[in-house]
Amino acid sequence: MTLLITGGTGTLGRPTVDAVRAAGVEPRILSRRPGADHVVANLQSGAGLAAALSGVDTVLHLATNRRSDVRATQHLLEAARTEGVQHLVYLSIVGVDAVPLGYYRAKLACEQQIADSGLPHTILRATQFHDFVAGFFRAQRRLPRVTTFDVPFQPISTDAVAARLVELVSAAPAQGRVDDLGGPESLPMAELARQWLVARGAAPEAAARRVVEWHAPGKLVGAYRAGLHTTGVPGPGIPFAEWAATAS
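All figures in this text were calculated on a predicted structure; none of them were measured in a lab.

Asks: How do you make sense of the pattern of salt bridges when you look at a structure like this?
Replies: For side chains bearing opposite charge, pairing can occur when the charged atoms are close. Inspection of every chain in the model, using the stated rule, returns 10 salt bridges. Here aspartate 180 and arginine 177 are joined by a salt bridge, their closest N and O atoms 2.9 Å apart. Classification of arginine 177 as partly exposed rests on a relative accessible area of 43%. One continuous salt-bridge network, built from bridges that share partners, spans Arg21, Glu26 and Asp37.

Here it is, written out as structure tokens:
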């Protein structure tokens with residue numbers, strides 16, 4: 001297999017590159033900047049994509065940009081068709097068809113582009129990463145209270161997602177979506193905040209007193225409150241509390 005990874009230097013990309021290498025595959029890493037194992041190209045303009053994809057049979061598309069995902073994916077698909085790519089694996093997000101968020105609508109549009117492209121493909125939707133959820137709490141670290149929404153999250157470790165992606169790039173194209181992937185626990189955001197504070201050294205009682213839960217109005221929070229961004233079944237990987245204990 002000759003594999004090209006977009007987004008290979010990002011939060012998910014780095015552990016995925018490591019997992020692919022551990023499986024015995026040395027990938028090409030698409031980047032706008034030169035570097036070890038990098039092939040230089042620009043998804044936004046399409047410049048360099050033909051050369052980057054020359055001789056590639058499998059593409060793992062992890063790159064994401066909130067403002068230009070659709071354009072970048074279209075450029076990638078056009079070059080992949082021209083260069084004869086045999087399998088494109090795309091990572092999306094659980095709930096993109098149900099949560100009224102602009103970024104999610106863009107990811108759903110990318111899914112549709114891929115489905116309509118004629119390329120053999122596989123689409124995996126995953127829940128939010130542990131680090132994404134922790135970002136809410138990091139942003140409030142200097143405040144006397146940590147405010148959360150009364151919504152659940154089912155965070156997953158990037159290592160668990162990377163392991164599943166390695167399986168998918170090694171398998172035949174699914175010609176659509178495979179089963180959604182979520183973390184091992186779906187917990188209220190307030191409980192995740194308490195776990196984060198305890199991992200940062202707070203006593204459990206103090207952590208509980210510091211967390212404030214807010215019942216926010218609106219369709220967006222309502223969709224999250226209904227759990228439309230979760231899978232409904234436990235998934236692989238370490239729980240959030242275990243991950244938080246070693247996170248920086």
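Asks: How should helix α1 (residues 13-22) be read in this particular structure?
Replies: One full turn of an α-helix is made of 3.6 residues, so residues set three or four places apart face in the same direction. Among all positions of α1, only Gly13, Pro15, Thr16, Val17 and Val20 are buried. Among the structural elements, β1 (3-6), β2 (28-31), β4 (58-61) and α6 (158-169) are those in contact with the buried residues of α1. Positive phi shows up at glycine 24, right after α1, with a value of about 95°.

Asks: Where do I start with the sheet that holds strand β3 (residues 38-40) in this structure?
Replies: The strands making up a sheet associate through hydrogen bonds between their backbones, and the pairing can be parallel or antiparallel. Ordered in space as β3-β2-β1-β4-β5-β6-β9, the seven strands form an open sheet in which the pairing is parallel. This sheet does not close on itself; its edge strands, each paired only once, are β3 and β9 (176-177). Strands in contact with α1 are β1, β2 and β4; relative to β1, the strand with the most contacts, it is inclined by about 165°.

Asks: Sorry if this is basic, but what is going on with the nonpolar core here?
Replies: In a soluble, globular protein the nonpolar side chains are often hidden away together inside. Ranked by internal contacts, the top residues of the largest apolar core, which has 28 residues, are Tyr104, Phe137, Phe153, Leu192, Trp196, Phe240 and Trp243. Beyond its immediate chain neighbours, meaning those up to four positions away, tyrosine 104 contacts Ile93, Val94, Gly95, Val96, Val99, Gln128 and Tyr224.

Asks: Please clarify how the packing of helix α5 (residues 130-138) against helix α7 (residues 189-199) should be interpreted in this entry.
Replies: For any two helices packed against each other, the geometry comes down to the angle between their axes and how far apart the axes lie. Packing of α5 against α7 leaves a shortest axis separation of 10 Å and a crossing angle of 75°. Accordingly, the angle class assigned to the pair α5 and α7 is roughly perpendicular. Note on element contacts: α7 touches α5 through Met189, Leu192, Ala193 and Trp196, opposite Val133, Ala134, Phe136, Phe137 and Arg138. When its residues are assigned to classes, the contact of α5 with α7 shows eight nonpolar, no polar and one charged.

Asks: Please explain the layout of surface pockets as it appears in this structure.
Replies: If you roll a probe as big as a water molecule over the atoms, it shows you where there is empty space left. Each pocket or cavity is described by its volume, and for the largest pocket that value is around 1,200 Å³. Residue lining of the largest pocket: 45 residues in total, with Leu62, Ala63, Thr64, Asn65 and Tyr103 positioned closest to the centre. Elements supplying a minimum of two residues to the lining of the largest pocket: β2, α3 (69-83), β5 (87-93), α4 (102-116), α5 and α9 (219-225). Examining the composition of the lining of the largest pocket, we find that four residues originate from one element, β5, more than from any other. When grouped by side-chain class, the residues that make up the lining of the largest pocket number 24 nonpolar, 15 polar and six charged.

Asks: How should the packing of aromatic side chains be read in this particular structure?
Replies: The geometry of two aromatic rings is summed up by the distance between their centres and the angle between their planes. Within this structure, the stated rule accounts for nine aromatic pairs. Note on tryptophan 196 and phenylalanine 240: the rings are 6.5 Å apart at their centroids and 40° apart in plane angle, and the pair reads as tilted. Taken together, the positions of tryptophan 196 in helix α7 and phenylalanine 240 in helix α10 (residues 240-244) put the pair 44 residues apart, joining distant regions of the chain. Like tryptophan 196, the residue phenylalanine 240 is buried in the burial classification. Cation over ring: arginine 66 sits above tyrosine 103, and NZ or CZ is 4.3 Å from the ring centre. Lying over the aromatic face of tryptophan 196, arginine 200 brings its terminal NZ or CZ to 4.2 Å of the ring centre.

Cut-off values and rules
- Residues numbered from 1 in each chain as written.
- Predicted model: local features only at pLDDT ≥ 70, side-chain atom pairs only at ≥ 80, totals over all residues.
- Heavy atoms only, no water.
- Salt bridge = Lys/Arg side-chain N within 4 Å of Asp/Glu carboxyl O.
- Buried < 20%, exposed > 50% of the residue type's maximum accessible area, 1.4 Å probe, protein only.
- Helix = DSSP H or I, 4+ residues; strand = E, 2+ residues; numbered from the N terminus.
- Contact = heavy atoms within 4.5 Å.
- Pairing = 2+ DSSP bridges.
- Axes fitted to C-alpha atoms, helices over the stretch in contact; angles between N-to-C directions.
- Core = buried A, V, L, I, M, F, W, Y, C linked by side-chain atoms within 4.5 Å.
- Parallel < 35°, antiparallel > 145°, perpendicular 65-115°, else oblique.
- Nonpolar A, V, L, I, M, F, W, Y, C, P; charged D, E, K, R; others polar.
- 1 Å grid on protein atoms, 1.4 Å probe; cavity = no way out; pocket = protein on both sides within 12 Å on 5 of 7 lines; lining within 4 Å.
- Points joined across faces, edges and corners; volume = space filled by probe spheres on them.
- Phe/Tyr/Trp six-rings, centres within 6.5 Å; stacked < 30°, edge-to-face > 60°.
- Lys NZ or Arg CZ within 6 Å of the ring centre and 35° of its normal.

On their own, these measurements won't tell you what the molecule is for.
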